[in-house]
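Now for the letters of each chain:
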Amino acid sequence: DGGITQSPKYLFRKEGQNVTLSCEQNLNHDAMYWYRQDPGQGLRLIYYSQIVNDFQKGDIAEGYSVSREKKESFPLTVTSAQKNPTAFYLCASRRRDRGALDTEAFFGQGTRLTVV
Amino acid sequence: AQKVTQAQTEISVVEKEDVTLDCVYETRDTTYYLFWYKQPPSGELVFLIRRNSFDEQNEISGRYSWNFQKSTSSFNFTITASQVVDSAVYFCALSRGGSQGNLIFGKGTKLSVKP
């Protein structure tokens, strides 16, 4: 079945550590996104990538890094510079429709990151 | 700037009641798209509907209906005869048309349907 797979589902990080969240899609979608969800805050965009080997900062990119070496994969690293990383992280992808990125996004099941 | 406002933070209804979730958006684009998503307790966002700015026809899908009014920049979502399984957080989202679109989300409305 086609879809987006995020792993792990739960992740615990010690203060000062970097951790990487995985996101893989087999939908052949061009664009991929990372969102952060905090209670009462909705979804805020961290990074997005519209094509392989290219990505752009979203609204809250500080303390995060990404790579897009393959179309299927868009891993997110939460660095020690992110002061408040405890949150629910969602990965999404979208296909281009005649060049336009206005289609619906498909989401993974999320990774819940907790700093201990 | 683009913005989506969902003024209702939480709504609680009793099963079989009708409920309307409000969504107001701001954009300077003439071509844009509006979306609704459902987030059940499992966490994954489920796509419900996509509507472009040129199509103001209301849409009905089973117990769900959507009312799009450009004059008031609103895209409201109504659930008729609500059920316990409708309990979730619902998000409204906005995307500009063209090749650069990102999805901008509202803060969501948590709907609780009690038996």
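Treat the numbers as computed from the prediction; the structure is a model and nothing was measured. (Residues numbered from 1 in each chain as written. Chains lettered and ligands numbered in written order. Predicted model: local features only at pLDDT ≥ 70, side-chain atom pairs only at ≥ 80, totals over all residues. Heavy atoms only, no water.)

## Some remarks on the interface of chain A and chain B
Step number 1: Across the boundary between the two partners, chain A contributes 24 residues, which contact 23 residues of chain B.
Step number 2: A combined buried area of about 1,800 Å² lies between chain A and chain B, and 47% of that area is made up of carbon and sulfur atoms.
Step number 3: Of all residues in chain A, A:Asp102, A:Glu104 and A:Phe107 bury the most surface against chain B, accounting for 28% of the area lost on that side.
Step number 4: Note that A:Asp102 is salt-bridged to B:Arg50, the shortest N-O span being 3.3 Å.
Step number 5: Counting across the chain A and chain B interface gives 7 residue pairs in polar contact (both at pLDDT 80 or more).
Step number 6: The dominant element in the side of chain A that touches chain B, judged by the number of residues it contributes, is strand 5 (residues 43-51) of chain A, at 4 residues.
Step number 7: Residue classes in the side of chain A that touches chain B are distributed as 11 nonpolar, 9 polar and 4 charged. (Contact = heavy atoms within 4.5 Å. Buried area = accessible area lost by both parts, 1.4 Å probe. Salt bridge = Lys/Arg side-chain N within 4 Å of Asp/Glu carboxyl O. Polar contact = N/O pair within 3.5 Å; in protein donor to acceptor, adjacent residues only side chain to side chain. Helix = DSSP H or I, 4+ residues; strand = E, 2+ residues; numbered from the N terminus. Nonpolar A, V, L, I, M, F, W, Y, C, P; charged D, E, K, R; others polar.)

## Quick look at the sheet that holds strand 1 (residues 4-7) of chain A
Residue and element names in this part refer to chain A.
Step number 1: Spatial strand order, 1-3-8-7: 4 strands in an open sheet with antiparallel pairing. Every interior strand has two partners, whereas the edge strands, strand 1 and strand 7 (64-66), have only one. Ignoring strand direction, the axes of neighbouring strands in this sheet form an average angle of 20 degrees.
Step number 2: Of the pairings in the sheet, the one linking strand 3 (residues 19-25) to strand 8 (residues 76-78) comprises 3 bridges and is antiparallel in character. (Pairing = 2+ DSSP bridges. Axes fitted to C-alpha atoms, helices over the stretch in contact; angles between N-to-C directions.)

## Quick word on the side chain of A:Arg13
Residues and elements named next belong to chain A.
Step number 1: Locating Arg 13 in the fold gives a position in strand 2 (residues 10-13).
Step number 2: There is no salt bridge for the buried Arg 13, and the closest opposite charge comes from Glu 15, which lies 6.6 Å off by N-O distance.
Step number 3: There is a polar contact of 3.1 Å between the side chain of Arg 13 and the backbone oxygen of Gln 17.
Step number 4: Looking at Arg 13, its side chain comes within polar contact range of the main-chain oxygen of Thr 79, at 3.0 Å.
Step number 5: Other than its neighbours up to four places away in sequence, Arg 13 contacts Val 19, Val 78, Thr 79, Ser 80, Gln 82, Pro 85, Leu 113, Thr 114, Val 115 and Val 116. (Buried < 20%, exposed > 50% of the residue type's maximum accessible area, 1.4 Å probe, protein only. Lys, Arg positive; Asp, Glu negative; His and termini not counted.)

## Re the side chain of B:Asp86
All names here are of chain B.
Step number 1: Here Asp 86 lies in the loop between strand 9 (74-79) and strand 10 (88-96).
Step number 2: A polar side-chain atom of Asp 86 sits 3.5 Å from a polar atom in the side chain of Tyr 64.
Step number 3: Polar contacts involving the side chain of Asp 86 include one to the main-chain amide nitrogen of Gln 83, which spans 2.8 Å.
Step number 4: The contacts of Asp 86, once residues within four sequence positions are left out, are Lys 38, Arg 63, Tyr 64, Ile 79, Leu 111 and Val 113.

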